[in-house]
Amino acid sequence: MWLLGFLVASVAAAPVKPQQAAIASAHVLATQAGFEVLGKGGNAFDAAVAVAATLAVVEPQSSGIGGGGLFLLQRASDGHEVMVDARETAPAAVRVADYLGADGRPDRNHSINGPLSAAIPGEPAGLVWIAAHYGKLPLKTSLAPAIRIARAGFKPDRRFLDELAMRKDVLARYPGSAALYLVNGQVPKPGWTFRSPDLARVLERIAEQGNAGFYGGELARTLVDGVRSAGGNWTLADLEHYEVKERAPIAFDYRGWRIVSASPPSSGGVALAEMLNILSGYELDRLDTVHRTHLMVEAMRRAYRDRAEYLGDPDFVAMPIARLTSLDYAAGLRASIHPDKATPSELLPPYLDAAQGSHTSHFSIIDRDGNLAAGTQTVNLIFGSGLVVPGTGFVLNDEMDDFALVVGKPNAFGLVGNERNAPRPGSRPLSSMSPTFVIGPDRIGVLGTPGGSRIITMVLEGILAFIDGQTPEQLVANPRFHHQYLPDVIAVEKGAFTPAQIKALEAMGHQVHESDRRWGFMNAVSWDRTTGKLHAASDPRGASGSGVVR
Ligand code: DON
C-alpha cells in the first residue's frame, strides 16, 4: 500500500515536458530569431544569444553590444542554475571629479551623455560565454539572424523613432551617432529603413573570433581611439581585462514557491528576497487592496533603503547578503510596520518623475527540454551615452550613472547610494535588473522587465500575480505601483487605484503620485508542469513586443 502510494505520487509528480517552446521579447524580430535558432537544433541558451543579439540590432535604444546584461539560466539536464554577469565595468582611469560641475555638484551631462558616461561593455563577452558554456550551436549560427537583419535593415517602429527624437540632441553631437541614426541631422520619418552594416561586421568578428573580435585587435583600437578623442578615458587594457563573471543567483522560498533572481552586482534578488520575506508573514490574499498595497509599499521602502545602504559590486565590497535575505531579519522589519500607518522615510527630496520606460530589454525563454533563460540587458538610458564611435555601428552605454557618483545624491532614477556603490577601476555599477524564475510545484514562470529602479517592484508584483494564478498574458498587463524609499512617494500608474483607494492610502500617511506615464516592458513565459502547456506574453505597453509559443 505504502509502495503503491509512493508510486502514484511519483508518477503524478513527474513533470510533463513542454510540448513546444516559448519566447517573449521586446521585438518580434528578436523572438523570431530565437525560434530560428531553436529550429536549427539550438537550446534555450542558443536562443538567448540569438534574441539578445537581435535586440541589439532592432532595439538599440534599449540594449546592445555597447552595453551589458545579466542572464539567468537553468539547465534542465542537471538543474544547474547560474547568473552570467555581463555587466559593464568602470574604466581604470575613472575619477569622480569628472562627474562634478565647477560647484562640486553632480554634473548629469557627464554621467548620462557622451564618452565619460560609458563603461566598458560586457554584452559581447556575455554572448560568447553563454554560447561556449551552455549552447549547442556555434556562435556563428546563433548570431546569424542578427547579422542578417543588421545588414538587410528593417523598418523601425514608432517607439524607436519617438525615443530617437528624445535623444536627438545628444546623438547629433557625435558624427558617428548622427550618421547612424539621423537623416540629414533629423529624426527619420516612419518608413525609413535602418541598416547597420558596421554592426553586422562587428557581430561577424565576434562570431569568428569570440572575445578577441571585440576586446582586442582593430575594433578595440577603434573604440579606444574614438572614446578618447571624444573626451573619454578608456584604454586598450580596460577592454582586454573585461571578464564575464558566473555568479550564484539569489534563491529563496516564498510560501512554497522557489524564487530565483539576480545576485549582486544587481540589487534585484536581494531586494526581492527582503520584500517577499517580509510579506510572507501576511495573508496578502485575504487583505483589501489598500492594506495589501500599504504592506507591499512598506516592504519596498525597507528593501530600497537597504539597497542604498549595503549593496555594490561583490568583487569589491563586502555585503551582509545572508543577513539581508534571512527570515529573522525580515521578521524584525515586519515588526516595525504599522498595520495602517505609513513609516516616513527620513528625507523628502523632490519627486523625480524620471522617464523609466522601456529602454533596457528583458526576454524570457523556455525550450522543449525545459531549459530556462531570462536575460535583462541594457545600455542604461535611451540610446545610452548617445556616442557611436564611427565605424562601429552601435551606441555605447551610459552605465556610469548607475554608480553612486556622489554619496546621497540621486542618479537618473532617483536612486541614492554610498561608497559601497562608488566607482572603482574595474568595478561594476549596482544594477536593478532582475531576471527571475518563479518555481512552484506545478507551474514555472520566467519574467523580467526594464524600468530602472522600478524593475524590482514590477518583478515583485509579477511574482505575486503569478503565484496568485495569473497567466503571463494577465500579469504583464497589470497596472503598477512603486516605492523606492526615497523619494517617499508611491508612484502609481493611472488607473491602478480608484480615487477612494488613493484617499485611503493618503489617510494612512502615504503620499501618492499618480503618473500619466506607464512604465515597464515585461516579457514573461510560463510552463505548466502538469500539462506541459506553455504561455508567452509581452507587455501591451510595448507595441513591438512579441510573446510566442511554437
Ligand atoms: O542596471 C540598471 O539597473 C539600469 N541601468 C537599468 C536601466 C533601465 O532599466 C532603463 N529603463 N527603463
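Residues numbered from 1 in each chain as written. Predicted model: local features only at pLDDT ≥ 70, side-chain atom pairs only at ≥ 80, totals over all residues. Heavy atoms only, no water.

1. Description of the overall build of the chain
Part 1 of the reasoning: For the chain, the count of helices and strands is 20 helices and 16 strands.
Part 2 of the reasoning: Its C-alpha atoms give the chain a radius of gyration of 22 Å, within 12% of the compact-globule value 24 Å for 550 residues.
Part 3 of the reasoning: Taken along the three principal axes of its C-alpha coordinates, the chain extends 70 × 60 × 45 Å.
Part 4 of the reasoning: Here the chain holds 550 residues, and the buried ones make up 61% of them.
Part 5 of the reasoning: Of the contacts formed within the chain by residues at least 6 apart in sequence, a portion of 73% connects residues at least 24 apart.
Part 6 of the reasoning: For the chain, the accessible area works out to roughly 19600 Å², and carbon and sulfur atoms hold 55% of it. (Helix = DSSP H or I, 4+ residues; strand = E, 2+ residues; numbered from the N terminus. Rg over C-alpha atoms; globule rule 2.2 N^0.38 Å. Buried < 20%, exposed > 50% of the residue type's maximum accessible area, 1.4 Å probe, protein only. Contact = heavy atoms within 4.5 Å. Areas by Shrake-Rupley, 256 points an atom, 1.4 Å probe, with all protein chains shown as cover.)

2. Considering the packing of helix 6 (residues 139-152) against helix 10 (residues 197-209)
Part 1 of the reasoning: Relative orientation of the contacting elements helix 6 and helix 10 amounts to 170°, with a least axis distance of 8 Å. Judged by the angle between their axes, helix 6 and helix 10 are roughly antiparallel. Contacts between helix 6 and helix 10 involve Leu139, Lys140, Leu143, Ala146, Ile147, Ala150 and Arg151 on the former and, on the latter, Pro197, Ala200, Arg201, Leu203, Glu204, Ile206, Ala207 and Glu208. (Axes fitted to C-alpha atoms, helices over the stretch in contact; angles between N-to-C directions. Parallel < 35°, antiparallel > 145°, perpendicular 65-115°, else oblique.)

3. Some points on the site of the ligand
Part 1 of the reasoning: In the vicinity of the ligand there are 18 residues, among which Glu399, Asp402, Ser431, Ser432 and Gly452 approach most closely.
Part 2 of the reasoning: Between a nitrogen atom of the ligand and a side-chain N or O atom of Asp402, the distance comes to 2.6 Å.
Part 3 of the reasoning: Relative to its free-state accessible area of 340 Å², the ligand is covered by the protein chains to the extent of 99%.
Part 4 of the reasoning: Across the shell around the ligand, the residue classes break down as four nonpolar, eleven polar and three charged. (Near = heavy atom within 4 Å. Polar contact = N/O pair within 3.5 Å; in protein donor to acceptor, adjacent residues only side chain to side chain. Nonpolar A, V, L, I, M, F, W, Y, C, P; charged D, E, K, R; others polar.)

4. Some words on the sheet that holds strand 12 (residues 490-493)
Part 1 of the reasoning: Here we have three strands laid out as an open sheet, ordered 11-12-13, and mixed in their pairing. Across the chains shown, the open sheet's two edge strands, defined by having one partner strand only, are strand 11 (481-482) and strand 13 (512-515). (Pairing = 2+ DSSP bridges.)

5. Section: the nonpolar core
Within soluble globular proteins, side chains that are nonpolar generally end up buried alongside one another.
Part 1 of the reasoning: Ranked by size, the top nonpolar core spans 89 residues in total, and within it Ile259, Met275, Leu279 and Leu460 carry the most contacts.
Part 2 of the reasoning: Excluding residues within four positions of it along the chain, Met275 makes contact with Ala299, Met300, Ala303, Ile456 and Leu460.
Part 3 of the reasoning: If you look at the next biggest cluster of nonpolar residues, it comprises 81 residues, including Leu38, Leu182, Leu239 and Phe363. (Core = buried A, V, L, I, M, F, W, Y, C linked by side-chain atoms within 4.5 Å.)

6. Considering the packing of aromatic side chains
The relative placement of two aromatic rings is captured by the distance of their centres and the angle of their planes.
Part 1 of the reasoning: A complete count under the given rule lists 15 aromatic pairs for this structure.
Part 2 of the reasoning: With 5.9 Å between their ring centres and 75° between their planes, Phe154 and Phe194 make a pair best called edge-to-face. Remark: Phe194 occurs in the loop between helix 9 (175-181) and helix 10 and Phe154 occurs in the loop between helix 6 and helix 7 (158-166); sequence separation between them is 40 residues. Across the pair, Phe194 and Phe154 agree in class, each one buried.
Part 3 of the reasoning: Consider the rings of Tyr215 and Tyr242, whose centres lie 5.6 Å apart with planes at 10°: the pair is stacked. Highlighted residues: Tyr215 in helix 11 (residues 212-215) and Tyr242 in the loop between helix 13 (236-240) and strand 4 (245-247), separated in sequence by 27 residues.
Part 4 of the reasoning: Note on Tyr215: relative accessible area 8%, which makes it buried.
Part 5 of the reasoning: Its relative accessible area of 8% is what places Tyr242 among the buried residues.
Part 6 of the reasoning: Taken together, the ring pairs connect Phe154, Phe160, Tyr181, Trp192, Phe194 and Phe383 into an aromatic cluster.
Part 7 of the reasoning: Taking the ring centre of Trp519 as reference, the NZ or CZ of Arg454 above it sits at 4.1 Å.
Part 8 of the reasoning: Its end group placed over the ring of Trp527, Arg529 keeps NZ or CZ at 5.8 Å from the ring centre. (Phe/Tyr/Trp six-rings, centres within 6.5 Å; stacked < 30°, edge-to-face > 60°. Lys NZ or Arg CZ within 6 Å of the ring centre and 35° of its normal.)

7. Here we look at helix 6
Part 1 of the reasoning: For helix 6, built from 14 residues, the straight-helix expectation of 20 Å at 1.5 Å per residue is met to within 8% by its first-to-last C-alpha distance of 20 Å.
Part 2 of the reasoning: Pro145 marks where helix 6 bends most, by close to 35°.
Part 3 of the reasoning: Those residues of helix 6 that fall on the buried side of the exposure criterion are Leu139, Ser142, Leu143, Pro145, Ala146, Ile147, Ile149 and Ala150.
Part 4 of the reasoning: Looking at the buried residues of helix 6, the elements they touch are helix 2 (28-39), helix 3 (44-58), helix 5 (123-133) and helix 10.
Part 5 of the reasoning: One or two residues past the end of helix 6 sits Gly153, with phi positive at roughly 90°. (Expected span 1.5 Å × (residues − 1). Bend = angle between axes of the 7 residues up to and from the residue.)

8. Overview of the sheet that holds strand 9 (residues 436-439)
Part 1 of the reasoning: Pairing in this open sheet of six strands is antiparallel, and the strands run 5-6-9-10-14-15 from one edge to the other. Two strands lie at the open edges of the sheet, namely strand 5 (250-254) and strand 15 (534-538), each paired on one side alone. If you compare each strand with its neighbour and ignore which way they point, the axes differ by 15° on average.
Part 2 of the reasoning: Bridge analysis of strand 10 (residues 443-447) against strand 14 (residues 523-528) gives four bridges, and the strand direction is antiparallel. Residue Val446 lies in a different strand from strand 14, and its bridge partner there is Val525.
Part 3 of the reasoning: Taken strand by strand, helix 14 (residues 268-279) contacts strand 5, strand 6 (257-261) and strand 9, and its axis lies near 15° from that of strand 5.
Part 4 of the reasoning: On top of the sheet, helix 18 (residues 455-467) reaches strand 5, strand 6, strand 9, strand 10 and strand 14; it is set at about 160° to strand 10, its chief contact.

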